[in-house]
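An overview of the molecular structure
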Amino acid sequence: MLASAPALVERFPGIQIDAAVSRQMSAAPGILEQLAGSGQLRRYVLVGLGTNGPIDRATLDRLLEIVGPERELIFVRPYAPRDWIPGVDAELASFVTAHRDIEVADWAGAIGARTDLLADDQVHPGGAGGQLFADEVEKAVDEAEAKRAAAAFWRDYHAAQRAQGILPPDPH
C-alpha cells in the first residue's frame, strides 16, 4: 500500500491513506476503530494487509463490524513470495464468499503475470506497478458502487410496487 500510495493519490484525489512499513492485519481493527471514532472513516474502506503475515477470521469479522453496512469494505488480494500468502488468500476468499457485499482488488492476479513491475524483493511495486495496483483498486470500487446502486434500485422498485399494491407489504 505504501509503495502504491503515489498512484492511489493520483487516481483518487482526496484519498486518505494510512500505510506503514511491515504492518500486519492484526493492526487493522485498532486503526479502523480510531478512524471511525473520529468520524474519518470513508465510504470506501480499502484494506491492503496480508503481505506481512497471516490473517484470521476473527480479525476480518471485526473489520466488517467496524465498517458497518453504510460503507463498502474492499480487501486487496496480496502478492508476495511468502509462505503464508496461500493461507491469507484462502482466508480472504472464504470470507468474501460468506459476505457477498465485500469486494476484492485482485492485486495478486494482476501482478502475477507482471512481476517485472516489482522491485527486486518481488513484493513492492515500482511506478508502473503502482498504477496497476490503482487499476485493481478502481475496478473493485466500481464493482462495489455498481452493487450498491443495483441494491438501491431494487429496494426503491419494490417499494414502488408495494405502494401500488402490486406486491404484498414488506414483512420486515
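Residues numbered from 1 in each chain as written. Predicted model: local features only at pLDDT ≥ 70, side-chain atom pairs only at ≥ 80, totals over all residues. Heavy atoms only, no water.

Glancing now at the sheet that holds strand 1 (residues 44-47). Spatial ordering of the open sheet is given by 1-2-3, a layout of three strands whose pairing is parallel. The sheet is open, and its two borders are formed by strand 1 and strand 3 (103-105), each paired with just one other strand. Going from strand to strand, the sheet's axes swing by 30° on average, the running direction of each strand aside. As paired strands, strand 1 and strand 2 (residues 72-76) are joined by four bridges and run parallel to one another. Bridge pairing in strand 2 links V45 to L73. (Pairing = 2+ DSSP bridges. Helix = DSSP H or I, 4+ residues; strand = E, 2+ residues; numbered from the N terminus. Axes fitted to C-alpha atoms, helices over the stretch in contact; angles between N-to-C directions.)

If you add up the space inside the largest pocket, you get close to 1000 Å³. Among the elements of the structure, helix 2 (28-37), strand 1, strand 2 and helix 6 (127-163) are those that each provide at least two residues to the lining of the largest pocket. Its residues assigned to classes, the lining of the largest pocket shows 30 nonpolar, ten polar and four charged. Size it by volume and the second largest pocket reaches roughly 220 Å³. Taken together, 14 residues line the second largest pocket, and the ones lying closest to its centre are P69, R71, E72, D101 and R148. Elements with a minimum of two residues in the lining of the second largest pocket: strand 2 and helix 6. If one sorts the elements of the lining of the second largest pocket by residue count, helix 6 sits on top with four residues. Taken together, the residues of the lining of the second largest pocket sort by class into six nonpolar, one polar and seven charged. (1 Å grid on protein atoms, 1.4 Å probe; cavity = no way out; pocket = protein on both sides within 12 Å on 5 of 7 lines; lining within 4 Å. Points joined across faces, edges and corners; volume = space filled by probe spheres on them. Nonpolar A, V, L, I, M, F, W, Y, C, P; charged D, E, K, R; others polar.)

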